[in-house]
Amino acid sequence: MKTAVITGITGQDGAYLAQLLLEKDYRVYGAYRRSSSVAFWRIAELGIADHPHLHLVEYDLTDLSASIRLLQNTRPQEVYNLAAQSFVGVSFDQPLTTAEITGLGPVHLLEAIRIVNPEIRFYQASTSEMFGKVQAIPQNEFTPFYPRSPYGVAKLYAHWMTVNYRESYGLFAASGILFNHESPLRGSEFVTRKITAAVARRATGQVEVLELGNLDARRDWGYAREYVEGMYRMLQTDQPDTFVLATGRTETVRDFVRLAFQAIDIDLEWQGVAEQEEGRDRRTGQLCVRVNSCFYRPAEVDLLIGDASKARHELDWQARTTLEQLCQLMVDADLRRCQHSGQH
Ligand code: NDP
Ligand code: GDP
């Protein structure tokens, strides 16, 4: 039986990856950080919280000694580092915490691997946010980086350290440059889930106006469940490498709002421009969406669209779920939660 460590087990990707590895008959150590109320709702929703081969262990990515002990105690063949302060918006308010967790954190694990067992295969969760102010369209493994947030800068440092440890010490250190990926398990502060949760509340009778920031930003949104399969494949290759995972399609935030309202049979009519823009129900005239500039960011990533040809050729990986399907399944999940009053 193979053993894997997943940091960030309480997050969206950690939950899906744990489920995938358990299905592949791995023993999984899910590392979570101590808090007064740890949120295990995602692994509970996937029905794996009590799986006999899933072991939850306390761990903090910012602690080198904890990283060494984690590897000594669990003796994994594979480590998937998914832990991060992962929200771009917060990174502008907490740049130093973001640097410590998201930037330096992964180096603790890389050092721990060097010290404990250099044979351990390492996956680093890198991000399309590193492309920031994009230097080419679409973006692939050769596109120059230009991060636009403390989060993007921190991730870029961790990415290059991963590459550096691969080249300097021969570690099997892979970096996955993943474009945005969403699901019903996405944190509610991210724009897609903020939208689908609000749409579900409206459909179940709670009339509120959804306030958003920049509606013109374009993202390449895929389905998280498919992206964790790509992470797994990156650690099964002969040589460690860097791979982009993306759908190759880009849409605006406004498009995603429209799709989500369509999923509950509301056709939106847009009025006004930029910070004055609002979306009304075409049939009733009711106000559904309003722009609030407090959700704008100091610097924006305007356009992301990925080219995942390398992953398709070398990993036989491809995104399959369309944005329409993804949006529908997120709305449906939020509707079910609203009906059972269990929204997270
Ligand atoms: P989430 O925000 O859902 O999960 C992040 C996880 O990191 C949580 O489990 C969180 O724990 C944990 N964490 C934060 N700080 C620490 C710490 N100091 N020590 C240990 N654990 C910590 O992110 P996702 O699952 O969406 O993403 C997984 C990874 O992939 C992240 O690194 C993210 O930056 C990256 N990524 C995500 C993309 C996406 O679209 N989802 C795109 C590209 C990259 P807690 O519950 O305690 O907060
Ligand atoms: P990101 O790509 O990692 O920053 O993922 P987010 O889901 O947080 O944001 C995606 C895009 O949506 C960004 O360009 C945001 O500026 C934009 N956006 C517009 N309104 C909102 C909002 O209310 N919340 C969030 N999180 N993002 C918003």
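You'll find the structure just up there.
All values reported here derive from a predicted model rather than from experimental measurement.

Conventions adopted
- Residues numbered from 1 in each chain as written.
- Chains lettered and ligands numbered in written order.
- Predicted model: local features only at pLDDT ≥ 70, side-chain atom pairs only at ≥ 80, totals over all residues.
- Heavy atoms only, no water.
- Helix = DSSP H or I, 4+ residues; strand = E, 2+ residues; numbered from the N terminus.
- Rg over C-alpha atoms; globule rule 2.2 N^0.38 Å.
- Buried < 20%, exposed > 50% of the residue type's maximum accessible area, 1.4 Å probe, protein only.
- Contact = heavy atoms within 4.5 Å.
- Areas by Shrake-Rupley, 256 points an atom, 1.4 Å probe, with all protein chains shown as cover.
- Near = heavy atom within 4 Å.
- Polar contact = N/O pair within 3.5 Å; in protein donor to acceptor, adjacent residues only side chain to side chain.
- Nonpolar A, V, L, I, M, F, W, Y, C, P; charged D, E, K, R; others polar.
- 1 Å grid on protein atoms, 1.4 Å probe; cavity = no way out; pocket = protein on both sides within 12 Å on 5 of 7 lines; lining within 4 Å.
- Points joined across faces, edges and corners; volume = space filled by probe spheres on them.
- Pairing = 2+ DSSP bridges.
- Axes fitted to C-alpha atoms, helices over the stretch in contact; angles between N-to-C directions.
- Salt bridge = Lys/Arg side-chain N within 4 Å of Asp/Glu carboxyl O.

1. Let's talk about the overall build of the chain
- In terms of regular secondary structure, the chain is built from 11 helices and 15 strands.
- Relative to the 2.2 N^0.38 estimate, which gives 20 Å for 344 residues, the radius of gyration of the chain is 20 Å and therefore close to what a compact globule would have.
- Along the first, second and third principal axes, the C-alpha set of the chain runs to 65 × 45 × 40 Å.
- By the burial criterion, 55% of the 344 residues in the chain qualify as buried.
- Within the chain, contacts between residues at least 6 apart in sequence are counted, and of these 77% link residues at least 24 apart.
- Carbon and sulfur atoms make up 46% of the accessible area of the chain, which totals about 14,800 Å².

2. Some words on the site of ligand 1
- Taken together, 24 residues surround ligand 1, and among them Thr10, Asp13, Ser86, Tyr151 and Lys155 come closest.
- The backbone of glycine 8 places a nitrogen or oxygen atom 3.4 Å from an oxygen atom of ligand 1.
- Between leucine 61 and ligand 1, the recorded distance is 3.0 Å, taken from a backbone N or O atom to a nitrogen atom.
- Elements with a minimum of two residues in the shell around ligand 1: α1 (12-23), β5 (121-127) and α6 (150-169).
- Among the elements that take part in the shell around ligand 1, β5 stands out by supplying three residues, more than any other.
- Its residues placed into classes, the shell around ligand 1 shows 10 nonpolar, nine polar and five charged.

3. Section: the site of ligand 2
- Taken together, 17 residues surround ligand 2, and among them Lys194, Gly213, Arg219, Arg297 and Glu300 come closest.
- Take glutamate 189: an N or O atom from its main chain is 2.9 Å from a nitrogen atom of ligand 2.
- Between ligand 2 and glycine 213, the relevant distance is 2.8 Å, taken from a nitrogen atom to a main-chain nitrogen or oxygen of the residue.
- Protein coverage of the free-state accessible area of ligand 2, which is 530 Å², stands at 97%.
- For the shell around ligand 2, a count of residues per class yields eight nonpolar, three polar and six charged.

4. Some words on empty space enclosed by the protein
- As enumerated under the stated definition, the model contains one cavity of 30 Å³ or more in all.
- The space that makes up the largest cavity amounts to roughly 30 Å³.
- Taken together, Gly213, Asn214, Leu215, Asp216, Arg254, Ala274, Glu277, Val291 and Tyr296 make up the lining of the largest cavity.
- Of the residues contributing to the lining of the largest cavity, the split by class is four nonpolar, two polar and three charged.

5. Looking at the sheet that holds β5
- In space, the seven strands of this open sheet follow the order β3-β2-β1-β4-β5-β6-β11, with parallel pairing throughout. Either end of the sheet is taken by a strand with one partner, and the two such strands are β3 (54-58) and β11 (242-245). Within this sheet the neighbouring strands show an average axis-to-axis angle of 20°, counted without direction.
- Looking at chain direction, strand β2 (residues 27-32) and β3 are connected through five bridges and run parallel. When the sheet's bridge partners are listed, tyrosine 29 is paired in β3 with histidine 55.

6. Considering the pattern of salt bridges
- Taken as a whole and assessed by the stated rule, the structure comprises 20 salt bridges.
- Between glutamate 182 and arginine 186 there is a salt bridge, with the nearest N and O atoms lying 2.7 Å from each other. Each member of the pair, glutamate 182 as well as arginine 186, carries the same accessibility label: buried.
- Between glutamate 278 and arginine 280 there is a salt bridge, with the nearest N and O atoms lying 3.0 Å from each other.
- What you see here is one network of salt bridges that share partners, running through Glu45, Arg193, Asp334 and Arg337.

Honestly, that's just the spatial picture; any functional story needs more than this.
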